[in-house]
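# Analysis of the macromolecular model
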Amino acid sequence: ADITGPLTEGVRCFGSNAREDLGFNIKKLGDAAAEALGPALERVANDESRCAPLREAARELAATYVVVPEPSAGQQASVSSRLVVEQTLAEADRNAASLKFEVGPPPRNMTKGRGAVSLPRS
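The structure contained in this document is the topic of the report that follows. (Residues numbered from 1 in each chain as written. Predicted model: local features only at pLDDT ≥ 70, side-chain atom pairs only at ≥ 80, totals over all residues. Heavy atoms only, no water.)

Along its length, the protein carries 6 helices and 0 strands. Listed N to C, the secondary structure of the protein is α-α-α-α-α-α in terms of helices and strands. Roughly 9800 Å² of accessible area belongs to the protein as shown, and the carbon and sulfur atoms make up 57% of that amount. (Helix = DSSP H or I, 4+ residues; strand = E, 2+ residues; numbered from the N terminus. Areas by Shrake-Rupley, 256 points an atom, 1.4 Å probe, with all protein chains shown as cover.)

Laid out in structure tokens, this is it:
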């Protein structure tokens, strides 16, 4: 159910009044609408047709109603395995960075006395 209507009903568009009125409407809606409050406040905050004080108040209040879902056991396992993979990759990157391959001229004894290559005549 969309609670945006009752949420913004009678809210004055004037500085701190918008926040007070919005807070009062939230109290009137009660705990029953707690899960719908976050999304409804987000909609109000992003609605360009509403006045700036109302959008600002909705944005501030929305942050307090963000519901963070508890991860299930399956998600927990995938998160921990992803962490292990990320740590392994980071370690591999560090090891690769510590290996330095220096490329320079060939050793002198391999090039001494060689001018133009002359093939033996047969």
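The structure having been displayed, the exposition proceeds.
It is worth spelling out the pattern of salt bridges at this point. Applying the stated criterion across every chain, the model contains 5 salt bridges. For Arg-12, the salt bridge is made with Asp-21, and the minimal N-O distance between the two is 2.8 Å. Two residues, Arg-50 and Asp-47, come together in a salt bridge whose shortest N-O distance is 3.2 Å. According to the relative accessible area criterion, Arg-50 is partly exposed, its value standing at 25%. (Salt bridge = Lys/Arg side-chain N within 4 Å of Asp/Glu carboxyl O. Buried < 20%, exposed > 50% of the residue type's maximum accessible area, 1.4 Å probe, protein only.)

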